[in-house]
Amino acid sequence: MASDQATLSRPVSTIDPFSHAFLHDPYPHHEAMREAGPVVWLEQYGIWAMARHQEVRDSLTDWQTFCSSAGVGLSDFRKEPPWRPPSIILEADPPLHTRTRAVLTRILSPAAINVLRTTFEREAELLVARLVEQREFDGVADLAEAYPLKVFPDAVGISGDGRENLLPYGSMVFNSFGPRNDLFNQAMANAGPVREWIMSKCSRAALAPDGLGMLIFRAVDAGELAEDEAGMLVRSFLSAGIDTTVYGLGNALYCMARYPEQWTALRENPALIRGAFEEVLRFEAPVQTFFRTTTKAVDVGGVRLGEGEKVLLFLAAANRDPRRWDRPDTFDVRRRATGHMTFGTGIHGCVGQAVARLESEAIFAALAKRVVSFELTGEPRRRLNNTLRGFDTLPLPLVPA
Ligand code: 4MI
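What counts and how
- Residues numbered from 1 in each chain as written.
- Predicted model: local features only at pLDDT ≥ 70, side-chain atom pairs only at ≥ 80, totals over all residues.
- Heavy atoms only, no water.
- Helix = DSSP H or I, 4+ residues; strand = E, 2+ residues; numbered from the N terminus.
- Rg over C-alpha atoms; globule rule 2.2 N^0.38 Å.
- Buried < 20%, exposed > 50% of the residue type's maximum accessible area, 1.4 Å probe, protein only.
- Contact = heavy atoms within 4.5 Å.
- Areas by Shrake-Rupley, 256 points an atom, 1.4 Å probe, with all protein chains shown as cover.
- Lys, Arg positive; Asp, Glu negative; His and termini not counted.
- Charge placed at Lys NZ, Arg CZ, Asp CG, Glu CD.
- Axes fitted to C-alpha atoms, helices over the stretch in contact; angles between N-to-C directions.
- Parallel < 35°, antiparallel > 145°, perpendicular 65-115°, else oblique.
- Nonpolar A, V, L, I, M, F, W, Y, C, P; charged D, E, K, R; others polar.
- 1 Å grid on protein atoms, 1.4 Å probe; cavity = no way out; pocket = protein on both sides within 12 Å on 5 of 7 lines; lining within 4 Å.
- Points joined across faces, edges and corners; volume = space filled by probe spheres on them.
- Polar contact = N/O pair within 3.5 Å; in protein donor to acceptor, adjacent residues only side chain to side chain.
- Phe/Tyr/Trp six-rings, centres within 6.5 Å; stacked < 30°, edge-to-face > 60°.
- Near = heavy atom within 4 Å.
- Sits in = over half its atoms within 2 Å of the grid points.
- Pairing = 2+ DSSP bridges.
- Expected span 1.5 Å × (residues − 1).
- Bend = angle between axes of the 7 residues up to and from the residue.
- pLDDT = per-residue confidence, 0-100.

Caption draft 1: The overall build of the chain, seen in detail. Counting secondary structure elements, the chain contains 18 helices and 13 strands. On C-alpha atoms alone, the chain measures out to a radius of gyration of 21 Å, which is about the 21 Å that the 2.2 N^0.38 rule sets for 401 residues. Per-residue burial over the chain gives 59% buried out of 401 residues. Across the chain, the fraction of contacts at a sequence separation of at least 24, relative to all contacts at a separation of at least 6, is 73%. Of the accessible surface of the chain, which amounts to about 16100 Å², a share of 53% is contributed by carbon and sulfur atoms. Seen as two clouds, the 44 positive and the 50 negative side-chain charges of the chain have centres 3 Å apart.

See below:
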């Protein structure tokens, strides 16, 4: 029978994409999976994996077949209880997703976010001026973390106290998309108090009257959402809005230090800054993977996937697929990097991408004015996470302009 044939001929891999070795250097493994076939069976977890650009893109676009409501991590919400109430936007399908997404699409539209530009640019200038005076700084703690932790909660309208809970919560969220391994257990060590703090910041009463959080509650007043749903969408802001940009800014700094001639090109032509961030997202994706779950049997490149099966989509491997990109392993700020899968695509494509771009543009415009070059003196240390790729520390002495 054709389906048996397909099942027998499915490519199989023993790779563990959540092992330390893989997370330290995923790229050779990405290549192996891309070359193994359009879809690969990862026998250690009993899941499918896709690493080619075409198949990743097609799966993200086909939300009817590759759903999100069973969770976008390894855990299948239909088989085991989720560690927190599911997100009503990330871990939801239409029609629920359509309604919640419409609200956040409006609040986070490029035009709406542009209102934040003056504030974000001023904060970037202040922070960068301070770091340049120091001469040497930690690209992670002093910049990639410090900046989003200031501007984003300010924009949402969260009070200043307790913000040290935001990174631990992000670590919980993004490690929880993987297996219950050592990284998951470490992230969950102080889960109770961190979750309590987060949830206490999600109510109408806790939010500033003029922030993005309160705009969600305005949608309740307009009849688009229930009050508890608004709180859950504020939780989505606090889940998705910090670590992603922290890792993204850190990876951007790393690329500029590692490829100094690319930094020089940006300094000489700041019009390249916007495209450079897209290239960072392509080349060192802060979000490496997401899962989907099949809603029915489906053929992928001649291989039959069953219903209710988990599919691991390697966004970062799609970003370096030689079928899609010229010189995929070369970091080139002048290339057209749009079409990378780091923001996803389709109905779940990153709703906050205008915020991410604004943060990076503000920071790198400020740096381009003041920093001739970064010097990577020591080896940067990685921070391992089941979903995110980035650094724990980036010691960066800098040469001021
Ligand atoms: C893509 S990162 C992310 C997005 C949404 C949520 C968490 C993480 C959420 O909780 O809605």
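Caption draft 2: Region of interest: the packing of helix 9 (residues 166-175) against helix 11 (residues 191-200). At a minimum axis distance of 9 Å, the contact between helix 9 and helix 11 shows a crossing angle of 110 degrees. One finds that helix 9 runs roughly perpendicular with respect to helix 11. Along its contact with helix 9, which presents Leu-166, Pro-168, Tyr-169 and Met-172, the element helix 11 presents Ala-191, Val-194, Arg-195, Trp-197 and Ile-198. For the contact of helix 9 with helix 11, the per-class residue count stands at 8 nonpolar, no polar and 1 charged.

Caption draft 3: Broad picture of empty space enclosed by the protein. A full pass over the atoms with the stated rule returns 5 cavities of 30 Å³ or more. Roughly 820 Å³ of volume is contained in the largest cavity. Elements represented by at least two residues in the lining of the largest cavity include exactly helix 5 (96-107), helix 9, helix 13 (227-240), helix 14 (243-258), helix 16 (273-283), strand 6 (289-294) and helix 18 (353-370). Looking at the lining of the largest cavity, the element that brings in the most residues is helix 13, giving 5 residues. For the lining of the largest cavity, the residue count by class is 23 nonpolar, 15 polar and 5 charged.

Caption draft 4: Geometry of the side chain of Asp-138. With respect to the element layout, Asp-138 can be found in strand 5 (residues 136-138). In terms of polar contacts, Asp-138 uses its side chain to reach the side chain of Thr-393, at 3.3 Å. Side-chain polar atoms of Asp-138 contact the backbone nitrogen of Leu-394, separated by 2.9 Å. Setting aside residues no more than four positions away along its own chain, Asp-138 makes contact with Leu-143, Asp-392, Thr-393, Leu-394 and Pro-395.

Caption draft 5: Structural view of the packing of aromatic side chains. Under the definition given, this model contains 15 aromatic pairs. Relative to Trp-48, the ring of Trp-41 has its centre 4.8 Å away and its plane inclined at 70 degrees; by these criteria the two rings are edge-to-face. Judged by relative accessible area, Trp-41 falls into the buried class, the value being 14%. Centre to centre, the rings of Trp-263 and Phe-374 are 5.2 Å apart; their planes meet at 55 degrees, and the pair counts as tilted. Highlighted residues: Trp-263 in helix 15 (residues 260-268) and Phe-374 in strand 10 (residues 371-374), separated in sequence by 111 residues. The pair Trp-263 / Phe-374 is uniform in exposure class, with both members buried. Among the aromatic residues, those joined into a ring-pair cluster are Phe-18, Tyr-45 and Phe-291.

Caption draft 6: Looking closely at the site of the ligand. Taken together, Arg-84, Ser-87, Ile-89, Leu-90, Phe-174, Ser-236, Ser-239, Ala-240 and Phe-290 are the residues near the ligand. Arg-84 places a side-chain nitrogen or oxygen 2.8 Å from an oxygen atom of the ligand. The contact in question runs from an oxygen atom of the ligand to an N or O atom on the side chain of Ser-87, over 2.6 Å. Here the ligand has 320 Å² of accessible area as a free molecule, and 85% of this is covered by the chains. At a threshold of 2 Å from the grid points, most atoms of the ligand map onto the largest cavity.

Caption draft 7: Up close: the sheet that holds strand 9 (residues 310-314). With respect to topology, 6 strands assemble into an open sheet ordered 1-2-3-9-6-4, the strand pairing being mixed. The open sheet terminates on both sides in strands that have one partner only, identified here as strand 1 (12-13) and strand 4 (66-67). As paired strands, strand 1 and strand 2 (residues 40-42) are joined by 2 bridges and run parallel to one another. Within the sheet, the bridge partner assigned to Val-12 lies in strand 2 and is Trp-41. Most of the contacts of helix 3 (residues 27-36) go to strand 2, to which it runs at about 125 degrees, and overall it touches strand 2, strand 3 (47-50) and strand 9. Helix 4 (residues 53-61) contacts strand 3, strand 4, strand 6 and strand 9 of the sheet and is inclined by roughly 125 degrees relative to strand 9.

Caption draft 8: Highlighting the environment of Phe-283. Note on placement: Phe-283 falls in helix 16. In this structure, the C-alpha to C-alpha distance between Phe-283 and Ala-337, residues 54 residues apart in sequence, is 9.0 Å. The residues touching Phe-283, leaving out its near neighbours within four places in the chain, are Tyr-27, Cys-255, Tyr-259, Arg-320, Pro-328, Asp-329, Thr-330 and Phe-331.

Caption draft 9: Up close: helix 8 (residues 139-156). Here helix 8 is 18 residues long and its end C-alpha atoms lie 24 Å apart, about the 26 Å a rise of 1.5 Å per residue gives. Remark: the principal bend of helix 8, roughly 35 degrees, maps to Ala-146, with a proline, Pro-148, within the next four residues. The buried count for helix 8 comes to 13 of 18 residues, which makes it a mostly enclosed element. A positive phi of about 100 degrees marks Gly-157, the residue just after helix 8.

Caption draft 10: Representation of the confidence of the model for the chain. This prediction gives the chain a mean pLDDT of 96; 98% of its residues lie at or above 70. Note on residues 1-6: pLDDT is under 50 here. Beyond four places in sequence and across chains, it has 3 contacts.

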